[in-house]
Amino acid sequence: MRRIRANAIAILTVAWILGTFYYLWQDNKPQSSPSSSSAQTRGRGHGLKGVSGRLEIHRDDRTIPLIVTQPPRPDAQGQLLGALDEKAYLVGKQLKPGDDPYREHAFNQQESDRLGSERAIRDTRHYRCASLNYDTDLPATSVIITFHNEARSTLLRTIKSVLMRSPPSLIQEIVLIDDFSSDPEDCQLLSQIPKVRCLRNGRREGLIRSRVRGANTASASILTFLDSHCEVNSDWLQPMIQRVKEDHTRVVSPIIDVISLDNFAYLAASADLRGGFDWSLHFKWEQIPIEQKMARSDPTQPIRTPVIAGGIFVMDKSWFNHLGQYDTHMDIWGGENFELSFRVWMCGGSLEILPCSRVGHVFRKRHPYDFPEGNALTYIKNTRRAAEVWMDEYKQYYYSARPSAQGKAFGSITDRQTLRRKLDCKPFRWYMENVYPELRFPEQEAVSSVLKQGGLCLETRGTDGLGLAECRGIGANRPQSQKWELIEPLIRQQDLCLAISAFTAGSKVKMESCNAKEPRQKWKPRGSALQHMVSGLCLDSQTPTGPPVILQCRPLVAGQTWEPQIIT
Ligand code: UD2
Ligand code: MN
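Attention here is on the structure that accompanies the text. (Residues numbered from 1 in each chain as written. Chains lettered and ligands numbered in written order. Predicted model: local features only at pLDDT ≥ 70, side-chain atom pairs only at ≥ 80, totals over all residues. Heavy atoms only, no water.)

Points about the coordination of the manganese ion (ligand 2)
In the first shell of the manganese ion (ligand 2), the protein supplies D227 (OD), H229 (NE2) and H361 (NE2), at 2.2 Å from the metal. Read from N- to C-terminus, the donor residues coordinating the manganese ion (ligand 2) fall into the pattern D-x1-H-x131-H. (Donors = N, O, S within 2.8 Å, 3.2 Å for Na, K, Ca; no water.)

Remarks on the side chain of H229
Among the structural elements, H229 can be located in the loop between β4 (222–226) and β5 (230–232). Assessed through its relative accessible area of 5%, H229 is described here as buried. A polar atom in the side chain of H229 sits 2.6 Å from the side chain of E150. Residues in contact with H229, not counting those within four places in the same chain, are E150, T154, T158, G360, H361, V362 and R364. (Helix = DSSP H or I, 4+ residues; strand = E, 2+ residues; numbered from the N terminus. Buried < 20%, exposed > 50% of the residue type's maximum accessible area, 1.4 Å probe, protein only. Polar contact = N/O pair within 3.5 Å; in protein donor to acceptor, adjacent residues only side chain to side chain. Contact = heavy atoms within 4.5 Å.)

Quick notes on the state of the cysteines
If you walk through the whole model with that rule in mind, you get six disulfides. The disulfide bridge from C187 ends at C198, spanning 2.2 Å between sulfur atoms. Taking the torsion about the sulfur-sulfur bond, which here is approximately 135°, the covalent link between C187 and C198 counts as right-handed. A residue pair is termed long-range when its members are at least 10 positions apart, and C187 in helix α6 (residues 185–188) and C198 in strand β3 (residues 196–200) qualify at 11 residues. The class for C187 is buried, based on a relative accessible area of 0%. (Disulfide = S-S within 2.5 Å.)

Details of the pattern of salt bridges
Where side chains of opposite charge bring their charged atoms close, a pairing between them can arise. According to the stated counting rule, one finds 45 salt bridges in the structure shown. A salt bridge links R250 to E246; the shortest N-O distance between them is 3.4 Å. R250 gets classed as buried once you look at its relative accessible area, which sits at 15%. Here E459 and R461 are joined by a salt bridge, their closest N and O atoms 3.4 Å apart. The class of R461 is partly exposed, set by a relative accessible area of 33%. (Salt bridge = Lys/Arg side-chain N within 4 Å of Asp/Glu carboxyl O.)

Let's talk about the environment of C538
Along the chain, C538 turns up in strand β22 (residues 538–540). Taking the relative accessible area as the measure of exposure, C538 reaches 0% and is therefore buried. Taking the C-alpha atoms as reference points, C538 and T561, 23 residues apart in sequence, are found 9.7 Å from one another. The contact partners of C538, leaving out residues within four places of it in the chain, are A529, L530, Q531, V549, I550, L551, C553 and Q560.

Quick look at the packing of helix α12 (residues 375–390) against helix α14 (residues 414–422)
At a minimum axis separation of 10 Å, α12 and α14 run at an interaxial angle of 40°. Between α12 and α14, the interaxial angle falls into the category oblique. Crossing hand, α12 versus α14: right-handed. Between α12, through R385, E388, V389 and W390, and α14, the contact on the second element is made entirely by R416, Q417 and R420. Of the residues contributing to the contact of α12 with α14, the split by class is two nonpolar, one polar and four charged. (Axes fitted to C-alpha atoms, helices over the stretch in contact; angles between N-to-C directions. Parallel < 35°, antiparallel > 145°, perpendicular 65-115°, else oblique. Left-handed = near helix turned anticlockwise from the far one by under 90°. Nonpolar A, V, L, I, M, F, W, Y, C, P; charged D, E, K, R; others polar.)

Remarks on unusual backbone geometry
Omega for the peptide link from E488 to P489 comes to 5°, which places this bond in the cis form. Checked against the element boundaries, P489 lands in the loop between β16 (484–487) and β17 (490–493). Positive phi values are uncommon outside glycine, yet D424 reaches one of about 55°. For D424, the location among the structural elements is in the loop between α14 and α15 (428–434).

Observations regarding the pairing of strand β9 (residues 283–287)
As judged from the five bridges shared by strand β8 (residues 273–277) and β9, these two strands associate in the antiparallel manner. Considered in β9, the bridge of G275 is made with W285. (Pairing = 2+ DSSP bridges.)

Quick look at the pairing of β8
Extensive coverage of β8 is indicated by the burial of five of its five residues. Because side chains alternate across β8, one face comprises the buried residues L273, G275 and F277, and the other comprises R274 and G276, equally buried. Between β8 and β9, which pair antiparallel one after the other, the connecting turn spans five residues, and L281 there sits at a positive phi close to 60°.

Some thoughts on the packing of aromatic side chains
Evaluated as defined, the whole model comprises 22 aromatic pairs. Between W333 and Y379 the ring centres are 5.7 Å apart and the planes differ by 35°, which places this aromatic pair in the tilted class. Of this pair, W333 sits in the loop between α10 (317–322) and α11 (336–346) while Y379 sits in helix α12, and the two are 46 residues apart along the sequence. In this structure, W333 and Y379 share a single accessibility class: buried. A ring pair is formed by Y394 and F428, whose centres lie 5.6 Å apart and whose planes are at 55°; its orientation type is tilted. Pair noted here: Y394 is in the loop between α12 and α13 (395–401) and F428 is in helix α15, with a separation of 34 residues, a long-range link. Taken together, the aromatic side chains of F277, W279, F338, F342, Y394, Y397, F428, Y431, Y436 and F441 make up a single cluster linked through ring pairs. Over the ring of Y89 we find R152, and its NZ or CZ is 4.4 Å from the ring centre. The positively charged end of K426 is found above the aromatic ring belonging to W430, 4.3 Å away from the centroid. (Phe/Tyr/Trp six-rings, centres within 6.5 Å; stacked < 30°, edge-to-face > 60°. Lys NZ or Arg CZ within 6 Å of the ring centre and 35° of its normal.)

Things to note about the packing of α11 against α12
In contact at an axis separation of 9 Å, α11 and α12 are set at 15° when each is read in the N-to-C sense. As far as their axial angle goes, α12 and α11 are roughly parallel. Judged by the sense of rotation from one axis to the other, the crossing of α11 with α12 is left-handed. Facing F338, E339, F342, R343 and M346 of α11, the residues of α12 in contact are Y379, A386 and W390. When its residues are assigned to classes, the contact of α11 with α12 shows six nonpolar, no polar and two charged.

Put into structure tokens, the structure is as follows:
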């Protein structure tokens, strides 16, 4: 009887230990649920707010996290905030009974106040990040936080998380720029915290000029920008400073986790996203292209991104200055992230997201503050400036996507155009081909036509074949196999594009998956001929029955004469 009891106890003990290990392992292992890779776009009340939240639903979104960032040691607590009376600071601005907790900040202030100035959060990094090593002599940074009427609890939590979760030697200072908030004490009182400095604007400047002011007074050689409602996570800073130290032309940002605007839960964002946009210059998170995803064997590697969200990034100070800081004629909010991103890429730098750096941010659905010139006009002014200076002939797509921008004032851009020339930046076409080839051209540009030669039409056959055949159907009733879209440099039919098989004369032309970056798919019209851009050879039907090839261009030769005829 005793033996049975002993055995039962032993079995239960082993089961309990195994269970505990399994539980811990589940929590720490890389996320594999399908939802973990899906970007979720949050609603946008006014249709202009450019940042969408992204959310990873965790099967184990428990209230008590197992892997948490280290809270500060109790003895370090006293020194952390210096002379600041934290309680008095927070109580000074609490909600009164009956107040709408969302009114002033567009997030649930009551929840934020209830949380206090610090809390443990889940370490959301891939488990492999924890074993990476960084240089011991990384340079220190100036953290720049600009704000206009931020809630005291979120602002203080941002600052405290930086002080608690960064190696102290890396934080040279925290520069707060109070962008003319109603109460100057929101900022002033915080300068009692060691390393924290407070600058107040004498009038509302907007986040762009405020950041430039902060950068100009920064004493460290590396700049770190943060929004005023963030919480940084374990080891957030080292990966970013390391990358910038290795190459000062890199501009790096963390994965931005989501802090719920309702209950302030800290939620891990998907690690498979990068920054993108549409032609109206509306920012969006998007999946990393499949080829890049397949090529990523190491989940701790940086992710190249066409644009950054804008609020959270690290940049070398001399590189920031060399590249022209920001366009200070942009007002209040919006568009500066495109301008900076285009400029960095086109003028010799790069942008990346570092998966081993995580920072939480409260994504909101509306702006809690006013825009003196109105929200829409300000966004148009700022994005028009970005488009006019940087997008060359591609700006026409911006205007077709945002017709209301035409004729709206945007001030003089001479200074920024001079800057672009002085820096000898590459054309926007280069950016499109090398950085963001996945950006589709607007639908309305895709005019369908037939490619006629004599009485015959170019058509596709089988999976990748081509040939000439009798033109069939009238107008929109043409068969799909004879409908072409000429969107420079591609000649496409749905997802397939005309491609040469080799760069030599006589090489066959066939169909393959479209990729605007692929040199074999680049064509341009030359008189009535279609010239392959790289080889300089022309599309030639050779014989009416055989597949087309590329041959030396010979003007007006029947086999090289193609008349695109638009299908109405
Ligand atoms: C995102 C960026 C934000 C900025 C913006 C485009 C993130 C996490 N956030 O919008 O940093 O790039 O896109 O412009 O990527 N502020 C001022 N003065 C103002 C208005 C705002 O100081 O007149 C402060 C504000 O208190 C906040 C920061 O600027 O700390 C960004 O504003 P936001 O949080 O409203 O912008 P967000 O996160 O929607
Ligand atoms: Mn923000």
